[in-house]
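Summary of the model geometry
These are the residues of each chain, in order.
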2 protein chains.
Amino acid sequence: MATIYDVARRAEVSPATVSRVVNGHANVDPALAERVRTAMRELNYRPNAVARNLRRSRTTLWAVIIADIGNPFFTALVRGVEDVAQGAGYSVVLCNSDDDAGKEGQYVDAALAEQMAGVIISPSGDAANVNRLIEARVPVVVIDRQADDVRADTVLVDNEHAAELATTHLIESGYQRIACITGPHSVFTADQRLLGYRRALESHGRPFDPELVRYADFREQGGYRAMAALLTLRPRPDAVFAGNNLTTVGAMECLVDSGVQVPGEMGMVGFDDVPWAHLVRPSLTTVAQPTYELGRTAADLLSQRIANPDRAPSTITLNTKLQIRDSSVRGVDLRHGG
Amino acid sequence: MATIYDVARRAEVSPATVSRVVNGHANVDPALAERVRTAMRELNYRPNAVARNLRRSRTTLWAVIIADIGNPFFTALVRGVEDVAQGAGYSVVLCNSDDDAGKEGQYVDAALAEQMAGVIISPSGDAANVNRLIEARVPVVVIDRQADDVRADTVLVDNEHAAELATTHLIESGYQRIACITGPHSVFTADQRLLGYRRALESHGRPFDPELVRYADFREQGGYRAMAALLTLRPRPDAVFAGNNLTTVGAMECLVDSGVQVPGEMGMVGFDDVPWAHLVRPSLTTVAQPTYELGRTAADLLSQRIANPDRAPSTITLNTKLQIRDSSVRGVDLRHGG
DNA sequence: CTGAAAGCGCTAACAC
DNA sequence: GTGTTAGCGCTTTCAG
């Protein structure tokens with residue numbers, strides 16, 4: 001590869017002048033600049049970002065570390081991040097932690113080693129990885145999940161409140177024995193949503209029955225298995241609040257396979273929209289999250305922190321919206337077609 | 001941040017020795033090595049990958065440039081890449097081109113500038129971006145789509161053959177007027193699948209009617225609109241072969257909204273599996289692609305090319321499988337539940 | 001087995 | 001307005 005010295009020699013200027021042209025610094029004689037540009041073209045010169053980054057001690061890459069690349073919630077969020085990043089002159093590299101603290105740690109290592117300009121992360125259980133970033137003074141924004149003992153900018157949704165509304169909606173629709181499929185114990189969103197579920201029950205004078213709570217991984221299969229287990233209970237629950245989009249899908253599949261009618265025999269509310277919801281019958285009542293906005297907000301926060309590393313961290317909570325459709329309203333029955 | 005010099009000073013050795021310890025080179029006195037490790041821990045030393053990359057003129061990052069991060073086909077593929085990369089000591093950074101040659105070009109620039117160790121790319125129409133990588137001698141594997149005038153390792157599926165089988169299946173199921181929703185003109189997979197569709201018609205003595213072919217973007221909305229347009233034709237088509245997973249979903253939504261019964265009034269075969277297919281009624285007949293294997297294969301090829309940059313490029317074609325379900329078989333009617 | 005020293009490609013003082 | 005030069009942090013000959 002041609003270097004800046006090759007270009008300088010060919011254009012008969014100094015490397016400094018080439019650098020100025022490359023970086024668009026003012027005060028370069030137009031004639032010289034033109035000579036430099038010609039030389040660059042002739043040599044097919046491409047600046048070496050590695051060298052530049054070393055010299056400047058900074059880069060223009062953001063790492064976005066997400067828990068599940070297969071979950072549309074996270075990919076939608078990434079789009080929001082990307083759009084802001086692009087506008088601010090950063091490139092986004094996406095890292096999939098699979099909710100595994102070890103894999104996450106590796107990506108944090110990489111972000112640190114590569115001197116990434118900033119990191120947006122939805123942390124797996126353990127706060128240690130996030131804290132390593134903070135200690136290294138890497139600008140970081142935590143998204144979707146709050147980590148205890150972490151002082152960082154954070155973007156969340158009103159999980160507990162939304163879960164309470166969703167559960168209340170099931171209660172008000174006349175369901176009696178409402179179960180909850182939540183996520184893994186250590187995951188923030190799972191805990192919060194369970195809390196909301198519980199609060200709704202209690203404020204309506206309903207007993208909280210631990211047997212009706214299932215902890216699934218936040219994947220389809222987890223939802224399926226949890227639902228299957230719930231179906232063995234006697235008396236059987238007659239409604240379910242599912243803690244994320246994929247568990248909702250899994251639970252629905254289980255109900256289809258078991259021939260349980262929704263919403264007649266089983267009411268259903270999910271958290272976060274399910275993709276291709278239009279094709280699912282009955283249409284699903286869900287707590288809709290502003291996924292794209294979540295990404296945008298996190299990216300804005302990251303920009304601001306990079307510009308001003310010393311300001312106090314803030315937490316932004318965005319609002320969700322309960323989308324009432326067919327799966328949670330008795331009297332509406334199964335059907336397909338227009 | 002602590003540098004290798006700080007560690008050297010503290011451990012009372014030379015920077016070279018620290019470097020040897022960090023990189024696990026043999027032949028370092030165990031006592032010295034221990035002193036170095038202690039010093040690293042005390043100073044919370046983290047190697048600076050930027051400096052290392054500059055010195056070594058190589059990195060341990062792979063870029064995977066995909067056309068649509070919202071399409072499960074691509075995210076599944078990425079998982080295959082990741083697993084191989086991890087085993088080979090590389091990290092994967094994901095870049096979403098949105099099938100836009102401009103955005104793609106930016107990511108190619110970034111990959112070039114950052115001296116990425118290799119690139120896996122599903123190219124948008126234009127071959128120029130891929131050729132820039134090749135000219136710069138960056139190891140590159142083309143995936144999912146073939147680019148003309150590009151000599152690079154390539155991993156594909158048997159698009160044309162699969163499309164032919166899928167269309168033949170519709171013919172043999174008794175459908176008479178079979179339409180095709182394919183992708184944008186310039187996209188390789190769209191062209192190939194259209195070709196297969198056409199071949200099936202011709203080898204069964206059916207006329208090829210251009211009016212029955214619709215070019216949609218490979219998104220849900222494209223499929224919806226194309227289907228809507230097809231429904232206005234008189235006589236109306238009675239079956240559709242849809243060229244990718246999202247167009248299939250879109251087309252199905254349109255049929256649901258229009259009250260057209262599948263498979264009775266309209267037969268349907270899609271290309272690539274639709275996620276949450278179990279929830280979709282009727283269950284969809286699709287051409288299943290080995291997505292994960294596609295990613296693995298591309299990653300293996302990239303490994304090999306990095307190890308041996310001068311070997312001749314090869315093209316690997318993986319086989320798909322026609323999964324016959326309910327949407328393409330008359331006599332099976334709409335239903336829901338187990 | 002260890003250390004000294006050069007240099008990867010670029011940028012930014014600083015000098016002219 | 002332009003050139004000279006030091007040095008970002010690391011690895012890797014080469015000497016010893």
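Presented here is a report on the structure given in the accompanying data block. (Residues numbered from 1 in each chain as written. Chains lettered and ligands numbered in written order. Predicted model: local features only at pLDDT ≥ 70, side-chain atom pairs only at ≥ 80, totals over all residues. Heavy atoms only, no water.)

1. Considerations on the interface of chain A and chain B
Counting residues at the interface gives 53 residues for chain A and 53 residues for chain B. At the boundary of chain A and chain B, one finds six salt bridges. For aspartate 68 of chain A, the salt bridge goes to arginine 79 of chain B, with nearest N and O atoms at 3.7 Å. Inspection of the region where chain A meets chain B yields eight residue pairs in polar contact (both at pLDDT 80 or more). Elements supplying a minimum of two residues to the side of chain A that touches chain B: α4 (49-56), α5 (72-88), β2 (91-96), α6 (101-113) and α11 (245-258) of chain A. Ranked by the residues each element gives to the side of chain A that touches chain B, the list is headed by α6 of chain A, at seven residues. Looking at the side of chain A that touches chain B residue by residue, the class counts come to 26 nonpolar, 14 polar and 13 charged. (Contact = heavy atoms within 4.5 Å. Salt bridge = Lys/Arg side-chain N within 4 Å of Asp/Glu carboxyl O. Polar contact = N/O pair within 3.5 Å; in protein donor to acceptor, adjacent residues only side chain to side chain. Helix = DSSP H or I, 4+ residues; strand = E, 2+ residues; numbered from the N terminus. Nonpolar A, V, L, I, M, F, W, Y, C, P; charged D, E, K, R; others polar.)

2. Looking at the protein's contact with DNA strand C
Ile4, Tyr45 and Arg55 of chain A together with Arg20 and Arg55 of chain B are the nearest of the 25 residues found near DNA strand C. Sugar and phosphate atoms form 61% of the subset of DNA strand C atoms that lie within 4 Å of the protein. In the environment of DNA strand C, a phosphate oxygen lies 2.9 Å from a nitrogen or oxygen atom belonging to the side chain of serine 19 of chain A. Contact distances for DNA strand C include 3.2 Å between a base nitrogen and a side-chain N or O atom of arginine 55 of chain B. With four residues, α4 of chain A is the largest single contributor of residues to the surface near DNA strand C. When the residues that make up the surface near DNA strand C are grouped by side-chain class, the tally is 11 nonpolar, seven polar and seven charged. (Near = heavy atom within 4 Å.)

3. A short note on the nonpolar core
Ranked by internal contacts, the top residues of the largest apolar core, which has 86 residues, are Tyr197, Met227 and Phe241 of chain A together with Tyr197, Met227 and Phe241 of chain B. In contact with methionine 227 of chain B, not counting residues within four places along its chain, are Ile181, Val240, Ala251, Cys254, Leu255 and Met266 of chain B. With 53 residues, the next largest nonpolar core counts Ala117 and Val141 of chain A together with Val64 and Val157 of chain B among its residues. (Core = buried A, V, L, I, M, F, W, Y, C linked by side-chain atoms within 4.5 Å. Buried < 20%, exposed > 50% of the residue type's maximum accessible area, 1.4 Å probe, protein only.)

4. Here's the deal with the pairing of β2 of chain A
Within a regular strand, the side chains alternate between the two sheet faces. All names here are of chain A. Summarising burial for β2: five of the six residues are buried, a large majority. Where strand β1 (residues 61-66) and β2 come together, six bridges link them in parallel fashion. By the bridge assignment for β2, alanine 63 is matched with valine 93. In the classification by handedness, the crossover that spans β1, the intervening α5 and the parallel β2 is right-handed. (Pairing = 2+ DSSP bridges. Right-handed = clockwise from strand over helix to strand, strands pointing away.)

5. Things to note about the sheet that holds strand β12 (residues 321-323) of chain B
All names here are of chain B. The strand order across the open sheet formed by six strands is β7-β6-β8-β9-β10-β12, and the pairing between neighbours is mixed. Strand pairing shows two members of the sheet lacking a second neighbour, β7 (213-215) and β12, which therefore form its edges. Pairwise comparison of adjacent strand axes, ignoring direction, gives a mean angle of 15° for this sheet. The pairing of strand β8 (residues 239-242) with strand β9 (residues 267-271) spans four bridges and is parallel. Within the sheet, the bridge partner assigned to phenylalanine 241 lies in β9 and is valine 269. Here helix α9 (residues 188-203) sits on the sheet in contact with β6 (178-182), β7, β8 and β9, set at roughly 170° to β6. Contacts between helix α10 (residues 220-231) and the sheet are confined to β6, β7 and β8, with β6 contributing the most and set at about 155° to the helix. (Axes fitted to C-alpha atoms, helices over the stretch in contact; angles between N-to-C directions.)

6. Re the pattern of salt bridges
Evaluated as defined, the whole model comprises 42 salt bridges over all chains. We note a salt bridge from aspartate 6 of chain B to arginine 9 of chain B, for which the minimum N-O separation is 3.5 Å. Of this pair, aspartate 6 of chain B and arginine 9 of chain B both sit in helix α1 (residues 4-11), three residues apart, which is roughly one turn of that helix. A relative accessible area of 26% places aspartate 6 of chain B in the partly exposed class. Through salt bridges with shared partners, a single ionic network connects Asp68, Asp98, Lys103 and Arg219 of chain A together with Arg79 of chain B.

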